[in-house]
Amino acid sequence: MICEKCKRSFERPLELYNGDWACPLCHESLTLSNIRLVVTDETEELFKMSEVCYLRALKTPPADKKAYSDLLTKAVDFCKEAAHRGHPKALLRLAYLYDAGYFSIDGSEAFRLAYDYYKAVWKGKINDMRGSKANADYSEGGMKVRKSAARLYLNLLKNAPPKMRSLDRYRYDSELRAVKDAGLYESGGDSASYGVIAGDRAGRICEILDSCFSKEHAPLFGLMMVSSGEFSALAKMTETGRTGVRNKLLRIAEKVDLYLVDVTRGVPRAVRNTGDLAVADGNYCLYFFNTQGKHALSGGKMNAVRKSLQRGDSVTDFARVNELISIISRGEEYCDYVFGDDDITVHKSKTESVGHALGDLIKTVQKNVLRGEA
Ligand SMILES: [Zn+2]
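Since we're looking at a predicted model, the values are computed, not measured. (Residues numbered from 1 in each chain as written. Predicted model: local features only at pLDDT ≥ 70, side-chain atom pairs only at ≥ 80, totals over all residues. Heavy atoms only, no water.)

Novice: Tell me about the sheet that holds strand E10 (residues 283–289), and name the residues and values.
Specialist: Reading across the sheet, the five strands line up as E9-E8-E10-E5-E11 and stay open at both edges, with antiparallel pairing between neighbours. One side of each edge strand has no neighbouring strand; the edge strands of this open sheet are strand E9 (267–270) and strand E11 (336–339). Across the sheet, the axes of successive neighbouring strands diverge by a mean angle of 25 degrees, strand direction being ignored. Examined bridge by bridge, strand E5 (residues 221–227) and E10 share seven bridges and lie antiparallel to one another. Its bridge partner being in E10, Val226 is matched across the sheet by Tyr284. Across the face of the sheet, helix H11 (residues 299–310) comes into contact with E5, strand E8 (257–262) and E10 while running at roughly 155 degrees to E10. The sheet contacts of helix H12 (residues 319–328) involve E5, E8, E10 and E11, and relative to E5 the element is tilted by about 55 degrees. (Pairing = 2+ DSSP bridges. Helix = DSSP H or I, 4+ residues; strand = E, 2+ residues; numbered from the N terminus. Axes fitted to C-alpha atoms, helices over the stretch in contact; angles between N-to-C directions. Contact = heavy atoms within 4.5 Å.)

Novice: Any chance you could break down the pattern of salt bridges for me, citing the residues and the numbers?
Specialist: Applying the stated criterion to the full structure yields 24 salt bridges. Across the pair Arg112 and Asp20 runs a salt bridge, and its minimum N-O distance is 3.3 Å. Taken together, the positions of Arg112 in helix H4 (residues 107–123) and Asp20 in the loop between strand E1 (14–15) and strand E2 (21–22) put the pair 92 residues apart, joining distant regions of the chain. Judged by relative accessible area, Arg112 falls into the buried class, the value being 12%. Judged by relative accessible area, Asp20 falls into the partly exposed class, the value being 22%. Linking Arg130 and Glu44 is a salt bridge whose minimum nitrogen-to-oxygen distance equals 4.0 Å. With Arg130 in the loop between strand E4 (126–128) and helix H5 (139–158) and Glu44 in helix H1 (residues 41–59), the pair connects residues that are 86 residues apart, well separated along the chain. (Salt bridge = Lys/Arg side-chain N within 4 Å of Asp/Glu carboxyl O. Buried < 20%, exposed > 50% of the residue type's maximum accessible area, 1.4 Å probe, protein only.)

Novice: Quick rundown of the confidence of the model for the protein chain? Include the residues and the values.
Specialist: Summing up the model confidence of the protein chain, the mean pLDDT is 86 and the portion of residues at 70 or higher is 94%. Here residues 189–198 scores under 50 on pLDDT; set against residues more than four positions off or in separate chains, the count is 20 contacts. (pLDDT = per-residue confidence, 0-100.)

Novice: So what about the coordination of the zinc ion? Which residues, and what values?
Specialist: Cys3 (SG), Cys6 (SG), Cys23 (SG) and Cys26 (SG) make up the full set of protein donors to the zinc ion, lying at 2.3 to 2.4 Å. Here the donor residues of the zinc ion share one chain and are spaced in sequence as C-x2-C-x16-C-x2-C. With Cys3 in the segment before E1 and Cys23 in the loop between E2 and strand E3 (37–39), this residue pair connects regions lying 20 residues apart in the sequence. Judged on exposure class, the residue Cys3 and its partner Cys23 are both buried. (Donors = N, O, S within 2.8 Å, 3.2 Å for Na, K, Ca; no water.)

Novice: How would you summarise the packing of H4 against helix H7 (residues 172–181) if you had to cite specific residues and measurements?
Specialist: The interhelical angle for the contact between H4 and H7, taken along N-to-C directions, is 25 degrees, at an axis separation of 12 Å. Between H4 and H7, the angle falls in the class roughly parallel. At the point where H4 passes H7, the crossing takes the left-handed sense. Within the contact between the two elements, H4 uses Tyr115, Lys119 and Trp122 and H7 uses Glu175, Ala178 and Val179. (Parallel < 35°, antiparallel > 145°, perpendicular 65-115°, else oblique. Left-handed = near helix turned anticlockwise from the far one by under 90°.)

Novice: Lay out unusual backbone geometry with the relevant residues and their values.
Specialist: Positioned with a positive phi, Lys7 is a non-glycine residue whose angle comes to about 65 degrees. A relative accessible area of 62% means that Lys7 is categorised as exposed. Backbone geometry at Glu140 places phi at a positive 50 degrees, although glycine is not the residue there. Among the secondary structure elements, Glu140 is positioned in helix H5. Relative accessible area serves as the criterion here: at 69%, Glu140 is assigned to the exposed category.

What follows is the structure in structure tokens.
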């Protein structure tokens, strides 16, 4: 991939908490509409691996939630890898996953990303570079793939959240005309409905916490808004390990910093023992900080981020955690915010401290939440 700003080429973009991409060299954001759509032997292979994992995930028995989520994570990792290199079907699959609410990001951010990916595919020119292996899938400039992208795009706009529908660029009527003008419209095709991949809240949060141990891409910290009822459901979850049946949350808390913050009072409470699992009625934020799994930042830098997030006069202060909670609880559709090493990297220049980068990240989150409100 080549950055339009600094003109240098790189293998993989930085991937930010809200799904945006940035150049790893100059840290400028990358515009999806400029992605070159190309199919190569390598990206086609990655995409096929992704599909295999996806189908295997769908075939796991319902009781085996761990195998299901492991396979799905693998599918998404392969798919992202191919999408980063401009594979059109991988971009389409990624768009669909955003559209269906698979990723833990704000609903309006997910909508915007699905929109951008679908649009990049139907508006783009698809170049099949596979020479003799090229097949009908991408003939006529990838007409077939572009038509599916256009159909899903119109379907997305038709079901847009009300606040999005009022914006000009998301108007169904004018976009329908644009799709027709491009010769990509198929009548009757845009009314299909697609199921949303929705699980229960406690299961979803468990998936996020499990990802802390990922050997490919582990999150650094995250905030998940929960009601007392949702937290109680989470606190009841168990799993069977080598030593028998255990409490899931407490097992994770042995390796990952877990705190429950009372949203109205801003008081954090560590989750470590059985006694910490009982909560009074109210609204909470489950905050975690994680150094397990695979990270791009060094141990020293991760600790500096942790100190900066949790700093204050006493261990119970958490000034920046509370600042983030007050920002994200403003958005109507807030749910889970999961930040990775790339979110720190993109905000850090060589001379600045990690704490400074964290401050800039918080400003970005605030700006994005306000944009969602507008
Ligand atoms: Zn750049």
